[in-house]
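Descriptive structure summary
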Amino acid sequence: MTTSVTSGLTPVREVLANGTVVIVQETGFSPAVTINCAFRAGSLDEPDDLPGLAWFLGRVIDRGTSTRSADAIAEALDDRGVALRATVNRHAVILTCTCLSEDFDDILDVLADVARDPAFPPDQIEKRRAETITLIRQDQDNPAMRAAETLQQLLYGAAHPYGRPAKGTIDSVERVQREHLAAYHASRFAPATLSIAIVGDVRAERAAARVAQAFNGWSRSAGPSREVPPVPRHTSRQQVMIEMPDKPQSDIAYGFTSISRLDPAYCSHWVMNTILGQFGLGGRLADNIRERQGMAYYAFSSFDPSLGPGPLVIRAGVDPNNVQRAIEAIDAEVGALGRDGATEKELQETRQFLIGSIPRMLETNQSIATFLQTAEFFGLGLDYDRQLPALLRAVTLEDVRQAAAGVLDPSRASVAVAGPASARSASFGEASPAS
Amino acid sequence: MRSAVLDNGLKILIQELHTAPLVSVWCWYRVGSGDELPGRTGVSHWVEHMNFKGTTNIPRDEMKGIVERFGGSWNGYTWIDQTTYVETAGKDALDTLLFIEAERMAHGLYEPDECESERTVIISELQGGENDPDQLLDTEVTATAFRAHPYRHPTIGWINDLRSMSRDDLFGHYRRHYVPGNATLVVAGDVDADDVLRRADKHFAGIDGGPPPPRLRPAEPHQIGERRVLLEREGTTAYLKFAWHAPAAHHEDFFPMLVLDAALTGAKGLNIWSSFRGTPPQRRARLYTSLVERGLASSVAGSLLPTSEPFLYNVSLTAMEGVSLSSLEEAAVREIERVRAQGLTEEEVARAKRQLRARLVFDTDSVTNVAHQLGYFEIVAGPGYFDTLASRVRDVTAAQVADVAARRLAAEKRTVGWFRPAPSRVEGPLERKE
């Protein structure tokens with residue numbers, strides 16, 4: 001088979017009788033298939049007093065069902081070289097894997113069983129709990145993670161679902177019980193919250209029929225999903241320093257809340273963020289901090305809009321003695337773009353870059369599956385890859401100026417720095433603590 | 001696959017793949033940190049950085065933006081045997097990408113100011129890596145496992161060498177190693193092989209070809225006793241690492257060892273470029289069932305990659321919260337000794353081989369990865385090797401696996417590293433809001 005995606009995607013979408021959406025894209029790159037099952041069941045739907053529940057569920061959902069033991073699932077996956085992954089974000093739990101085409105039927109059956117009927121065996125809960133606590137302890141020793149999680153808290157507040165650490169806290173993980181997992185699964189895992197993308201060396205019609213068979217007879221309804229609570233818009237600057245005395249390098253996380261993915265100004269913001277911190281090595285930020293000042297190996301911004309207003313986050317890792325200088329450089333670039341907007345040349349080259357990069361975004365079966373699931377989740381259309389060029393071409397200099405003005409203002413920035421104490425004195429003008 | 005050699009010695013590999021309107025161009029040089037002398041460690045990687053900083057015909061400020069015009073991405077990496085540069089972009093970019101690589105091979109600027117500016121960028125890269133205790137431990141274990149061979153120092157170099165090297169050191173290294181006869185150009189994607197050859201000839205044929213520099217690598221003496229390294233620094237988590245001397249890609253032990261690793265820790269495939277893809281299938285793997293499932297470790301990872309000369313086979317473990325390094329090490333050693341004494345079951349070997357067969361397919365899931373694999377194996381193992389991977393895995397027997405385990409994982413041949421976390425020196429709440 002030599003199915004090609006040289007002129008854009010040609011997915012087939014079907015809604016099963018129980019409400020499950022199936023999207024199939026045939027590709028012929030290699031004899032492999034990617035299966036991506038996305039449930040609308042993210043950390044947003046966790047009880048407020050159990051942060052990390054969705055993440056925990058992702059660790060244990062594939063460790064036993066009513067009819068398959070953890071060992072039997074392990075055997076089925078390992079025998080076929082398949083690594084099943086559960087990723088959890090604010091709005092989705094995604095079970096995904098890639099298998100050989102010849103193993104598609106078997107692996108789909110395992111996946112369907114895991115998704116529909118997890119048993120959450122107590123011994124598996126205890127093992128995965130200990131692992132999760134170890135992972136949280138590792139995060140606590142990771143300056144990049146500490147800065148990023150602290151920034152999320154500053155931006156959204158510790159109680160907001162967007163402000164909580166995805167894995168939860170040691171305290172919350174210690175409190176998770178089997179019934180919490182089962183209740184969460186019962187309320188959010190249902191045919192109508194499931195969208196399955198299948199991409200690879202498989203016939204669309206056959207794949208859809210196999211999915212219908214695997215999920216046959218599953219008919220329950222989901223509980224209501226929670227609305228994204230209001231997101232604060234900060235009017236003043238906040239800065240936090242996290243002391244990690246033995247670390248050689250400080251990590252800076254600097255950011256703002258921005259817009260929802262559904263906002264009509266999405267493409268303007270995408271272009272704006274690319275100019276600020278993506279183009280080339282990392283846009284204007286890397287030009288300044290890495291290329292002109294030689295201060296950091298990485299300096300970039302990322303923009304992660306979701307159902308609610310997602311964050312725009314700037315990251316840089318610098319010598320502890322350069323923290324102040326790096327923050328000043330970020331302030332300068334953020335201030336300039338927010339105040340003056342971009343140049344015509346930047347707009348042209350960024351639009352050309354983003355339009356030209358669409359085939360590259362669809363280079364692997366996995367990236368196609370992710371792209372199709374995003375289009376499905378936000379209702380962007382099956383032909384979104386074909387819509388994108390026109391949407392990007394329509395972005396004007398004034399659109400970019402407005403996007404930048406709406407988000408980028410150093411006097412409203414939230415800043416978290418994790419690293420040795422020398423960074424603290426340099427960056428926040430305080431005396432170093434006695435050692 | 002088409003293969004050709006220009007008169008100046010440049011080797012060209014072309015794989016037509018008409019599945020997406022993309023082209024991936026990789027230019028490989030047979031030089032890495034294993035070719036560096038004491039005092040100049042890290043020079044290959046620093047040279048890689050400098051080769052993004054302008055050439056005679058691509059001014060510094062235009063280096064960025066050329067590939068982006070075609071929607072492309074670009075990057076490069078350096079490791080012990082190789083330095084490589086990649087662009088993947090819309091297929092219309094082909095000629096431009098070949099022009100960039102020809103410029104990079106022959107006309108790098110190495111302006112003194114740019115060399116200085118990059119010095120601190122690379123020191124920042126090194127220090128960022130040292131924020132990770134596991135990486136810190138890896139550097140120490142590797143340096144302890146080797147006595148003579150230059151694989152002992154980290155690819156990024158030792159900090160004092162990064163502080164003291166000069167622009168002339170960089171430029172001299174560049175001129176010595178960046179000659180056509182020391183390079184392989186790989187092109188994969190929606191291209192016509194004849195067209196690629198014509199264009200490659202246009203851009204590269206005029207580059208003078210000196211002889212490739214000889215590889216001068218002192219052989220590593222046999223290890224005759226266990227070596228240990230202990231790091232104690234502030235941290236939250238304990239890490240344990242084993243390293244054994246591994247067979248080189250061409251050694252007959254390599255594929256049995258690869259199957260052994262798959263059975264111990266799960267099959268990763270053989271693509272270093274995509275090795276960030278996450279956890280391998282390992283739930284039935286020996287060290288997973290004996291250490292992770294028994295609550296002693298929260299993760300286990302094995303690492304065996306094809307290299308030109310014998311490098312290391314690593315097994316890395318993260319101790320579960322509350323588990324001591326000594327009890328974790330004891331359990332790990334017990335399991336390894338069991339494998340050394342009894343070998344693996346036929347079923348385990350069969351599973352490991354099936355995993356590897358699948359992972360070799362997953363390793364080449366894009367034009368970028370296909371081109372990477374062609375170039376990687378050409379550089380570390382030579383022509384023809386890549387095509388034989390699947391059959392060499394298939395031919396491995398349980399007896400061969402038992403034999404390499406018994407011989408190569410012996411106690412006197414290992415290096416053991418501990419990272420033991422020291423309590424935090426920060427008292428009270430860690431965060432201060434201002």
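These numbers come from a predicted model, not from an experiment.

This part takes up the sheet that holds strand β4 (residues 85–88) of chain A. Residues and elements named next belong to chain A. One open sheet holds the 6 strands; their spatial order is β1-β2-β6-β3-β5-β4, and the pairing between them is mixed. Of all the strands in the sheet, the pair left with one neighbour each is β1 (12–15) and β4. Averaged over all neighbouring strand pairs, the angle between strand axes comes to 15 degrees, with direction disregarded. Sheet analysis places β4 next to strand β5 (residues 93–100), joined by 4 bridges and oriented antiparallel.

Turning our attention to the nonpolar core. Counting residues in hydrophobic clusters, the biggest one holds 260 residues, and the most contacted among them are Ala326(A) and Val259(B). For Val259(B), the contacting residues outside a window of four places in its chain are Val349(B), Ala352(B), Lys353(B), Leu356(B), Val393(B), Val396(B) and Val401(B).

Turning to the pairing of strand β9 (residues 296–303) of chain A, a few remarks are in order. Residue and element names in this part refer to chain A. Within β9, 7 of the 8 residues are buried, which leaves it mostly tucked inside the rest of the structure. Strand direction decides the pairing type here: β9 and strand β10 (residues 311–318), joined by 6 bridges, are antiparallel. Each bridged residue has a counterpart across the sheet, and for phenylalanine 300 the counterpart in β10 is arginine 315.

This part takes up the packing of helix α1 (residues 53–60) of chain A against helix α4 (residues 122–140) of chain A. Residue and element names in this part refer to chain A. Contact pair α1 / α4: the axes reach a minimum separation of 10 Å and the direction vectors enclose 120 degrees. Considering the angle they form, α1 stands oblique to α4. In this structure, α1 meets α4 at a crossing whose hand is right-handed. Two secondary-structure elements touch here, α1 through Phe56, Arg59 and Val60 and α4 through Gln124, Ile125, Arg128, Glu131 and Thr132. Of the residues assigned to the contact of α1 with α4, the class counts are 3 nonpolar, 2 polar and 3 charged.

Moving on, we get to α1(A). Residues and elements named next belong to chain A. Within α1, 8 of the 8 residues are buried, which leaves it mostly tucked inside the rest of the structure. Within α1, burial applies to Leu53, Ala54, Trp55, Phe56, Leu57, Gly58, Arg59 and Val60. On its buried side, α1 packs onto β4, β5, α4, α6 (170–175) and α7 (178–188).

It is worth spelling out the domain arrangement of chain A at this point. Residue and element names in this part refer to chain A. Examined at the domain level, chain A breaks down into domain 1 (12–214) and domain 2 (238–427). Relative placement of domain 1 and domain 2: their C-alpha centres are 28 Å apart. When residues of the side of domain 1 that touches domain 2 are traced back to their parent elements, those giving at least two are β2 (21–26), β3 (32–39), α5 (143–156) and β6 (194–200). Looking at the side of domain 1 that touches domain 2 element by element, the count peaks at 10 residues for α5. Of the residues contributing to the side of domain 1 that touches domain 2, the split by class is 16 nonpolar, 10 polar and 3 charged.

Looking now at the domain arrangement of chain B. Residues and elements named next belong to chain B. With domains assigned, chain B is organised as domain 1 (2–204) and domain 2 (227–422). Taking the mean C-alpha position of each, domain 1 and domain 2 sit 27 Å from one another. Across the contact, 32 residues belong to domain 1 and 27 residues belong to domain 2. At the level of secondary structure, the elements contributing two or more residues to the side of domain 1 that touches domain 2 comprise β2 (11–16), β3 (22–29), β5 (83–90), α5 (133–145) and β6 (183–189).

Successive residues of a regular strand alternate their side chains across the two faces of the sheet. All names here are of chain B. For β2, the buried fraction is high: 5 of the 6 residues fall into the buried class. The loop that links strand β1 (residues 2–5) with its antiparallel partner β2 comprises 5 residues; one of these, glycine 9, has a positive phi angle of about 100 degrees. As paired elements, β2 and β6 share 6 bridges and run parallel to each other. Residue leucine 13 lies in a different strand from β6, and its bridge partner there is valine 186.

About the cut-offs
- Residues numbered from 1 in each chain as written.
- Chains lettered and ligands numbered in written order.
- Predicted model: local features only at pLDDT ≥ 70, side-chain atom pairs only at ≥ 80, totals over all residues.
- Pairing = 2+ DSSP bridges.
- Helix = DSSP H or I, 4+ residues; strand = E, 2+ residues; numbered from the N terminus.
- Axes fitted to C-alpha atoms, helices over the stretch in contact; angles between N-to-C directions.
- Core = buried A, V, L, I, M, F, W, Y, C linked by C-beta atoms within 7 Å.
- Buried ≥ 20, exposed ≤ 12 C-beta atoms within 10 Å, placed from the backbone.
- Contact = placed C-beta atoms within 7 Å.
- Parallel < 35°, antiparallel > 145°, perpendicular 65-115°, else oblique.
- Left-handed = near helix turned anticlockwise from the far one by under 90°.
- Nonpolar A, V, L, I, M, F, W, Y, C, P; charged D, E, K, R; others polar.
- Domains from an automatic or database assignment.

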